[in-house]
Amino acid sequence: MNAQRLLETFCDLVRISSPSKEEAEVAIWCAAALKEAGCTVRFDESAVTTGSDTGNLIAYLPPSPGVEETATLYFSAHMDTVNPGRGIEPIIGEDGIIRSTGETVLGGDDKSGIAPIIELVRTLAEGNRPHPRIGVLLSTCEEIGLLGAAAMDNAQFHDEPCFVLDAGGAPGYVIIGSPFHHTYKATFTGKASHAGILPEEGISAIMLAGKAIVAMEQGRLDAFTTANVGTIVGGLADNIVPETCMISGEFRAMEPARRDYVQAEMEARMREAAATGGGSVEIIWKAEYEGFTISEDDPLVRFVLDTARELGLPADAAFSGGGSDANFLNSRGLRPLVLGTGMTEVHSTREALAIRDLEDTCRLIEALAYNWQEQRMGL
Ligand SMILES: [Zn+2]
């Protein structure tokens, strides 16, 4: 690893604006860097589905001379960043921490993943230690619903491991589970009437929705289950008994059985509130993405934790309440594991990244690639 080059790559990457659906410029930059390092690079057809100005970037670095092309080790990150994310200028503090000017996010989510992957490829290509074939997946539109990963061309995937560099937590932190994520829109219908003259004739849809919300469990339901009503819209004027009220929300659960139970419960509470109040409700559910769990004893998890320990990094496996590209890559022919990159306060203008963490992420994935070959993990 060339630490100075890694830092420069990170700063170059965050200076290129790449809001969701506008990843082309950063994609071209990455494609050039990966090609120069010896990768074959192509873009898939996902732009048709995602609406981005580019497809996902898919690159391969051939194995080192003498190493058979048996299995590919994949590394992935997403190219888009959240708002405010145009015109990012990284500022390196004397404390060794990179921040934005305070006007924008830093974009470490997820360029703290991309920069180490590019440095990994350069290092492997320059060195003479045996390494396996490396696959690089840089996705689009992760922040607006994992759209790029969902539409990823998966023709070349054969159940290989894929390290997704896209989580907070120190390098060495491994996510071994992420929940199923479901959202809903529920439209309650009552009956409009004059609020002062004939309130008896009216059925307040806001009251129906309110009773449903109170009856539904919210917040943290258990260690692995959460629920939230996120928006509410209803009514026309203070003197009209409101005829409609729409609420939208989500829940997340780790196990399919728990997911089905929570969904059925929420639906029952909403229907009950509507029916007892004399109104009705129409509920539209959407499965945003599927959850996954991996055993802490899984050989791949143990391999990462052992490698992290070898480097003196905190080796830690835990569940996450959030989703990432891994939730889709998991159902698209890869075995993804999400790794922490040290990013902090993401999705805020206080976002920061320690140079030390950027370097440790790179050291870790470099060791993963070499150890994978040495321990003949793919065989
Ligand atoms: Zn991210």
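Residues numbered from 1 in each chain as written. Predicted model: local features only at pLDDT ≥ 70, side-chain atom pairs only at ≥ 80, totals over all residues. Heavy atoms only, no water.

A.B. asks: Go over the side chain of E160 with me, naming the residues and quoting the values.
C.D. replies: Tracing the chain through its elements places E160 in strand β7 (residues 160-168). Although buried, E160 forms no salt bridge, and the nearest oppositely charged side chain, R133, lies 5.7 Å from it. Ignoring any residue separated from it by four or fewer positions in sequence, one finds E160 in contact with T72, Y74, G333, L334 and R335. (Helix = DSSP H or I, 4+ residues; strand = E, 2+ residues; numbered from the N terminus. Buried < 20%, exposed > 50% of the residue type's maximum accessible area, 1.4 Å probe, protein only. Lys, Arg positive; Asp, Glu negative; His and termini not counted. Salt bridge = Lys/Arg side-chain N within 4 Å of Asp/Glu carboxyl O. Contact = heavy atoms within 4.5 Å.)

A.B. asks: Describe the coordination of the zinc ion, and please don't skip the residues or the numbers.
C.D. replies: Coordination of the zinc ion by the protein is provided by H78 (NE2), D109 (OD), D166 (OD) and D166 (OD), with metal-donor distances spanning 1.9 to 2.8 Å. Because the angles between the four donor atoms bound to the zinc ion fall within 50 to 144 degrees, the donor set is best described as irregular. As a motif over one chain, the donors of the zinc ion read H-x30-D-x56-D. Residue D109 is found in helix α4 (residues 108-126), and its partner D166 is found in strand β7; the two are separated by 57 residues along the sequence. Note on D109: relative accessible area 8%, which makes it buried. (Donors = N, O, S within 2.8 Å, 3.2 Å for Na, K, Ca; no water. Tetrahedral: all angles 85-135°; square planar, octahedral: opposite > 155°, others 65-115°.)

A.B. asks: Please set out the packing of helix α6 (residues 205-215) against helix α7 (residues 256-276) residue by residue, giving values where relevant.
C.D. replies: Where α6 contacts α7, the axes come no closer than 8 Å and their chain directions differ by 145 degrees. For the crossing formed where α6 meets α7, the hand is right-handed. Contacts between α6 and α7 involve L208, K211, A212 and A215 from the first element and R269, M270, A273 and A274 from the second. When grouped by side-chain class, the residues that make up the contact of α6 with α7 number six nonpolar, no polar and two charged. (Axes fitted to C-alpha atoms, helices over the stretch in contact; angles between N-to-C directions. Left-handed = near helix turned anticlockwise from the far one by under 90°. Nonpolar A, V, L, I, M, F, W, Y, C, P; charged D, E, K, R; others polar.)

A.B. asks: How would you sum up the sheet that holds strand β11 (residues 225-234)? Please name residues and give values.
C.D. replies: The strand order β10-β11-β12-β9-β13 describes an open sheet built from five strands, whose pairing is antiparallel. Single-partner strands in this sheet number two, and they are β10 (219-222) and β13 (280-289). Neighbouring strand axes in the sheet, compared pairwise and without regard to direction, differ in orientation by 20 degrees on average. Summarising the sheet, β11 and strand β12 (residues 244-253) pair through eight bridges and their orientation is antiparallel. Following the sheet pairing, G234 is matched in β12 by C245. (Pairing = 2+ DSSP bridges.)

A.B. asks: Could you give me a rundown of unusual backbone geometry, with the residues and numbers involved?
C.D. replies: Each neighbour pair has its own omega, and for N83 with P84 the value is -5 degrees, a cis peptide bond. The omega angle of the peptide bond from D109 to D110 is 25 degrees, so this bond is cis rather than trans. Along the chain, D110 falls in helix α4. In this structure, E345 is a non-glycine residue whose phi angle is positive, near 45 degrees.

A.B. asks: Explain the nonpolar core to me, using residue names and the numbers behind them.
C.D. replies: Residues L34, F75 and F163 are the most contacted members of the largest nonpolar core, which totals 83 residues. The leading source of residues in this core is helix α10 (residues 355-374), at nine residues. Every residue in contact with F75, bar those within four places of it in the chain, is listed here: I117, L120, I134, G135, V136, L137, F163, L165 and I365. Y184, A205, L208 and A274 belong to the second-largest nonpolar core, a separate cluster that totals 23 residues. (Core = buried A, V, L, I, M, F, W, Y, C linked by side-chain atoms within 4.5 Å.)

A.B. asks: Let's hear about the domain arrangement of the protein: which residues, and what values?
C.D. replies: Once the domains are mapped, the protein shows domain 1 (3-178 + 291-374) and domain 2 (180-289). One C-alpha centre belongs to domain 1, the other to domain 2; they are set 38 Å apart. Across the interface of domain 1 and domain 2, roughly 700 Å² is buried in total on both sides, 65% from carbon and sulfur atoms. Sorting the residues of domain 1 by area buried against domain 2 places G291, T293 and F319 first, and these three jointly supply 45% of that buried surface. Seen at the junction of domain 1 and domain 2, the total is zero salt bridges. Viewed at the interface, domain 2 and domain 1 are joined by two residue pairs in polar contact (both at pLDDT 80 or more). Listing elements by their share of the side of domain 1 that touches domain 2, those giving two or more residues are β8 (173-178), β14 (292-293) and α9 (326-329). (Domains from an automatic or database assignment. Buried area = accessible area lost by both parts, 1.4 Å probe. Polar contact = N/O pair within 3.5 Å; in protein donor to acceptor, adjacent residues only side chain to side chain.)

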